[in-house]
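Fold and contact review
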Number of protein chains: 2
Amino acid sequence: MTSREKHDRMANAIRFLSMDAVEKANSGHPGLPMGAADIATVLFTRFMKHDPQNPKWPDRDRFILSAGHGSMLLYSLLYLLGYEDITVDEIKNFRQLGARTAGHPEYGHAAGIETTTGPLGQGIANGVGMAMAERLLRSRFGEDLVNHYTYVLAGDGCLMEGISQEAISLAGHLKLNKLIVLFDDNNISIDGPVSLADSTDQCARFAASGWNTMRADGHDPEAIAAAIEAARNSDRPTLIAFRTTIGFGAPNKAGTNKVHGSPLGAEEIKAARQALGWTAEPFEVPSDILDEWRLAGLRSAKERTAWEKRLAAADAETRAEFERRMRGDLPEAFDSAIVDYKRKLAENPPAVATRNASEMALEVINDIVPEMVGGSADLTGSNNTKTSQTKPVTPDDFSGRYIHYGIREHAMAAAMNGMALHGGIIPYGGTFLCFSDYARPSMRLASLMGIRSIFVMTHDSIGLGEDGPTHQPVEHLASLRAIPNHYVFRPADAVETAECWQIAVESRTTPSTLALTRQKLAPVRLEFEEDNLSARGAYELRPASDEAKVTIFATGSEVEIAVKARDMLEERGIPTRVVSVPCFELFEEQPEEYRKAILGNAPVRVAIEAGIRQGWDSFIGTDGIFIGMKGFGASAPAPELYKHFGITAEAVVSAVEGRLAAK
Amino acid sequence: MTSREKHDRMANAIRFLSMDAVEKANSGHPGLPMGAADIATVLFTRFMKHDPQNPKWPDRDRFILSAGHGSMLLYSLLYLLGYEDITVDEIKNFRQLGARTAGHPEYGHAAGIETTTGPLGQGIANGVGMAMAERLLRSRFGEDLVNHYTYVLAGDGCLMEGISQEAISLAGHLKLNKLIVLFDDNNISIDGPVSLADSTDQCARFAASGWNTMRADGHDPEAIAAAIEAARNSDRPTLIAFRTTIGFGAPNKAGTNKVHGSPLGAEEIKAARQALGWTAEPFEVPSDILDEWRLAGLRSAKERTAWEKRLAAADAETRAEFERRMRGDLPEAFDSAIVDYKRKLAENPPAVATRNASEMALEVINDIVPEMVGGSADLTGSNNTKTSQTKPVTPDDFSGRYIHYGIREHAMAAAMNGMALHGGIIPYGGTFLCFSDYARPSMRLASLMGIRSIFVMTHDSIGLGEDGPTHQPVEHLASLRAIPNHYVFRPADAVETAECWQIAVESRTTPSTLALTRQKLAPVRLEFEEDNLSARGAYELRPASDEAKVTIFATGSEVEIAVKARDMLEERGIPTRVVSVPCFELFEEQPEEYRKAILGNAPVRVAIEAGIRQGWDSFIGTDGIFIGMKGFGASAPAPELYKHFGITAEAVVSAVEGRLAAK
């Protein structure tokens, strides 16, 4: 068997596993795995540094299948290379309930799946984040411990999505030369030829953003190898546009959209077996070919041993710190630093906007947690995300901890996900809450994957004032709370902000959004409390003077209004308690007994939030009083808007009195 | 006064109005209006075809300020050119409550504001839509009636946003040669120099997508004019990168980020007055300069008269049709066609997926409503958006009515908005409901503007099956319902789908989303009803046999389950009614009496929806039974997922029986 024959048979093993699995599931995308099998075979047999026996080896090369619909490519590779999690039974169980082999690669389902892909373009931006993480960690721990490539396999769809432009222009700017995008340039999209919808010269486009670009025949192993070799030696990130035939090997359907997202059918598979000379039964890989693949799986074992030795030889402190960061544990002093900070706050509770309170909390956290890496989508001064410790990263110097992400909310969020997935970094990044919409697909994926990305969203209501309704979130708190496994924090003052930050940094498997005000707020937490009260999601901030007739629930900037309304009501002889609700999701997690006690049984329940009512009925019931927004905001100074939209203590008092009179 | 002096003074009028207004408001962005004043002055005095006296003239050139934060540029222009809506008092009232001069340009606040901008990148994509509308209408009505340019002024921020890539690659592909992007290339972003975050060669990038590109000095009126002239004669869309100085004229702050988003301060404005030799008082424009501007406002009056004559000379049918379409009225036969179609459906109610039902309804609608222009983000066969009448548009032939948008959900939605804003077209476009997240910023703007964009979102739940959680919406119905002024329809069968389509097409000031199933559904509307029952948002689909003990509310694919559960409960002697809820928002609009009657007073209320509970409490109360999702979905065949997540008639029956037993 010549080396070319060996290559072909190894690639064909991917092709037939993919065809067979899609056929058995009667659902899936065989075209990409068949078309990209040669590229993947060359990459994994000649270049990838990874170890199926130690899939979490921190210095492994990362491989991301950005075109996630071609999941059978990844599953085939993992099985063939000897990753334990993906057995042939898993392949046979493709797309079935409980299988590790979901329709699209799901992070956490199996070792070797570096990120969840499927929503197009995300994988490229995750890859940018991983390559950033690599550079950041390399500049801290040295190339003895950190020195790896990030490979991304992307299709036309990934490149048409806008997020790809944000990602590639960021990567080009930062000169992420160890990032290599393998473009499966097959000219076919689901609707038909790419020429139905696009005429972009992708190489020219990437070059315009400072990338090294190449074209190569994606079915010629030597051409593939030469291109990857050249890419690895580039001083810039590289795009290799591999001309491929989608569904390569299917004699009648290859090169058409018929092979994109549907099973080939028994007949076409039979014809492919003949055309490619593949005589094995479905799901069977000839033992000599499986052996070759398993051998390829061992190719980095020596490198890994050498790396282990280097880690063992590092000084104890470096080693402990590297291991701590890669485990995702926080420094021991973290909790006590927050408590100390809260103690200091209580001495002289500051009246600040929560975006400023966030900066103050970050000053404390960034001092203690060196893996915090911040940034903003060109709103640094508004988001207050930069602290004294976080020097900006530049293309030539990654010793900093602050990223100027540019006006790229979507790629920022996805790159943050990539950094969190890489490990060793806790990423946070800011924009205006209204523009969480731009980042939403990546924020959802952070939730689905269960990773620690922290989104800092300032200017969180009409309280931002004059910028007007395009910039004023009214539905965003509700729409973010709707995402499963996502903590949406809306702290009321500096103490709650510190507490919410503490929870966000400690939540290893749930991403967080901090919704923060532009405008200054009066402090409401005036006494020192060692416990993190926000961790319960909602808690009684002010008791009623007697058996409560009214409970007022509020979040963020409206807690101040709630407290004022309570005092007015109490003055009128109406016992009123105030519950602060910094996080719906955490309250949902509390024991029933606690929830009941907090909800209480005052005859009148009020909620105040400068957003829409959706979601609040679970606190106040359908007959509760809601003081908030019913539609879009307006452009005017903030105090006028609060009056205009009737979000005032006076409005609360009047609504409560009206209700009590009617009872 | 030389012509250059005149130009300079006219441009300075923009600069000082902008400085003064931002200063008085103590809020806003003076830098862009000052930097782009020369470009705008040349454009509006030498090229723009428009008529301040007839601002809605259908064949006017469109001007879009994509960099919406520079709103004072637009307001200054509209005032100077003589648009009635923008008086000097409005300028003085910049960013104040009730002013037409909101912080960012708001569509509908004043004639001459062609679209709402502020969220960056949207304006470029709106412009692509407007240029598409122009081509589409030109190919129908001829260039006597339709022949205009679309100019977009964009900044670095617009070009960094991913949506811009989607928009420019679509425009380049379609060869929209009457689209001209004026890039205010001032090298400054909010955080500082653009070089902090980006190194893209924008001309090279646009060229890669088939654009004509040029560079010019943005402060030299002759260079500006020459570039625009050349752009107008191009056979491709054109980007002109105008090198400008942000805050031009402010002696100490120009060219820095200090002038981007804050008032200049009295001292710097004084210095600017000296530097530019401007002696007029704040908000005062010297009368000779105002006269020159008003003259510029008259420059297209003759052209408009000539156009009116051409319209008058057109044959009566063409003229009536053109005017009807530009008014946004529907053909008279529209309603009866829907009723006829529903009558036909009742003869043999089909068991189809609602995405297929949508295609069937569109076959009827597209036959009668020629201004319907469809499309899909590369999911044509899955979204069922293409009907027999809708031939695809190609770069050289715009006689079609179907757009292959490519994998560009965001630009699709924004281009649809642009077409709706242009007038003469009712755009609809499809993707998977899960990927509404990618399009969300534009969907929100459609709602804020109150325009008729119709989003066709198929694969609307775990019912899509094997693609798994990345593709399965669970929070999307809730998060879209959260957007004010947005109809979210989830029809249950072919009849409801037709009704929802009817409402969507008739709703001139509210955009719609149709959430449609991938999977086949049993018909539930078996009798012919002339009335559009879905128009009430919720209605009783099945009565109880006796006084109802149970009301089951459901939407879309879960209505079938509700009907089955009702039958099972009735069999067990438990009188149960079913309410179908195709649209929350329309139900919200109903009179209290109707709402009460529909909610009813059965002791047990149940809601079934294969999404999260958020929003449902208003139907079932906080103690109601909710049968739906609590977290993300999974990859498996749809029927298994419904069982796995407990969304079955059996689960409903068991929950109801449990509740009744406990009472």
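These numbers were taken from a predicted model, which means no experiment stands behind them.

Moving on, we come to the overall build of chain A. Looking only at helices and strands, one finds 26 helices and 18 strands in chain A. Relative to its length of 663 residues, chain A is compact, with a C-alpha radius of gyration of 28 Å against a globular reference of 26 Å. With the C-alpha coordinates of chain A rotated into their principal frame, the extents come out at 95 × 55 × 45 Å. Split into buried and exposed, the 663 residues of chain A put 69% on the buried side. The contacts of chain A with a sequence gap of at least 6 include a subset with a gap of at least 24, amounting to 78%. As displayed, chain A has an accessible area near 20,700 Å², and 47% of this comes from carbon and sulfur atoms. Charge separation in chain A, taken as the distance between the mean sites of 69 positive and 88 negative side-chain charges, equals 1 Å.

Residue and element names in this part refer to chain B. Taking 1.5 Å per residue, 14 residues should reach 20 Å; helix α14 (residues 334-347) reaches 21 Å between its end C-alpha atoms and fits that length. Listed as buried for α14 are F334, A337, I338, V339, Y341, K342, L345 and A346. Those residues of α14 that are buried are in contact with α15 (354-368) and α20 (494-506).

We now examine the sheet that holds strand β13 (residues 512-515) of chain A. All names here are of chain A. Across the sheet, six strands lie side by side as β9-β8-β10-β11-β13-β12; this open sheet has parallel pairing. Bordering the open sheet on either side are β9 (402-404) and β12 (487-489), each of which pairs with just one other strand. Neighbour to neighbour, the strand axes of the sheet diverge by 20° on average, direction disregarded. Two strands pair when backbone bridges link them, and strand β8 (residues 372-376) and strand β10 (residues 426-432) are joined in this way by three bridges, in the parallel orientation. Bridged to S376 within β10 is G430. Packing of helix α15 (residues 354-368) onto the sheet brings it into contact with β8, β10 and β11 (454-458), and relative to β8 it is tilted by some 150°. With respect to the sheet, helix α18 (residues 436-449) is in contact with β10, β11 and β13, its orientation differing from that of β11 by roughly 155°.

For the rest of this paragraph, the subject is the pattern of salt bridges. Considering all chains together, one arrives at 80 salt bridges over all chains under this definition. Two residues, B:E292 and B:K6, come together in a salt bridge whose shortest N-O distance is 3.5 Å. Residue B:E292 is found in helix α11 (residues 287-297), and its partner B:K6 is found in helix α1 (residues 3-25); the two are separated by 286 residues along the sequence. Given the relative accessible area of 29%, B:K6 is considered partly exposed. Notably, a salt bridge pairs B:K342 with B:E499, separated by 2.6 Å at the nearest N-O pair. You can see B:K342 sitting in helix α14 and its partner B:E499 sitting in helix α20, a full 157 residues away along the chain. For B:E499, a relative accessible area of 0% gives the class buried. Sharing partners across several salt bridges, the network here consists of A:D51, A:R304 and A:E308.

What follows covers the sheet that holds strand β1 (residues 62-65) of chain B. All names here are of chain B. A sheet is described by the order of its strands in space; here five strands give the open sequence β1-β2-β3-β7-β6, paired in parallel fashion. Two strands bound the open sheet, and with one partner strand each, they are β1 and β6 (212-217). Neighbouring strand axes in the sheet, compared pairwise and without regard to direction, differ in orientation by 20° on average. Summarising the sheet, strand β2 (residues 150-154) and strand β3 (residues 179-185) pair through five bridges and their orientation is parallel. Directly across from A154, in β3, lies its bridge partner F183.

This part is about the UniProt feature "domain: Transketolase-like pyrimidine-binding" (unreviewed entry) in chain A. Within the UniProt annotation, "domain: Transketolase-like pyrimidine-binding" (unreviewed entry) is assigned to residues 352-524 of chain A. Between the C-alpha atoms that bound residues 352-524 of chain A there is a distance of 11 Å. The span itself is 38% helix and 16% strand.

Looking now at the pairing of strand β17 (residues 604-608) of chain B. All names here are of chain B. Buried residues dominate β17, accounting for four of its five residues. Taken together, the three bridges between β17 and strand β18 (residues 625-627) define a ladder with parallel strand orientation. Bridge assignment links A607 to a residue of β18, and that residue is F626.

For the rest of this paragraph, the subject is the relation of the copies chain B and chain A. One copy of the chain maps onto the second through a rotation about an axis and a displacement along it. Placing chain B over chain A gives an RMSD of 0.0 Å and needs a rotation angle of 180°, together with 0.0 Å of translation along the axis. This pairing of chains is accounted for by a two-fold axis. Among all C-alpha atoms of chain B, that of B:G162 lies closest to the rotation axis, at 1.9 Å. The residues that chain B uses at the interface reappear at the interface of chain A in 100% of cases, marking a shared surface.

Residues and elements named next belong to chain B. By the element assignment, T470 lies in the loop between β11 (454-458) and α19 (476-481). Its relative accessible area of 1% is what places T470 among the buried residues. There is a polar contact of 2.8 Å between the side chain of T470 and the side chain of H471.

Parameters at a glance
- Residues numbered from 1 in each chain as written.
- Chains lettered and ligands numbered in written order.
- Predicted model: local features only at pLDDT ≥ 70, side-chain atom pairs only at ≥ 80, totals over all residues.
- Heavy atoms only, no water.
- Helix = DSSP H or I, 4+ residues; strand = E, 2+ residues; numbered from the N terminus.
- Rg over C-alpha atoms; globule rule 2.2 N^0.38 Å.
- Buried < 20%, exposed > 50% of the residue type's maximum accessible area, 1.4 Å probe, protein only.
- Contact = heavy atoms within 4.5 Å.
- Areas by Shrake-Rupley, 256 points an atom, 1.4 Å probe, with all protein chains shown as cover.
- Lys, Arg positive; Asp, Glu negative; His and termini not counted.
- Charge placed at Lys NZ, Arg CZ, Asp CG, Glu CD.
- Expected span 1.5 Å × (residues − 1).
- Pairing = 2+ DSSP bridges.
- Axes fitted to C-alpha atoms, helices over the stretch in contact; angles between N-to-C directions.
- Salt bridge = Lys/Arg side-chain N within 4 Å of Asp/Glu carboxyl O.
- UniProt positions renumbered as here; feature names shortened; annotations may be inferred.
- Least-squares fit on C-alpha atoms with pLDDT ≥ 70 in both.
- Polar contact = N/O pair within 3.5 Å; in protein donor to acceptor, adjacent residues only side chain to side chain.

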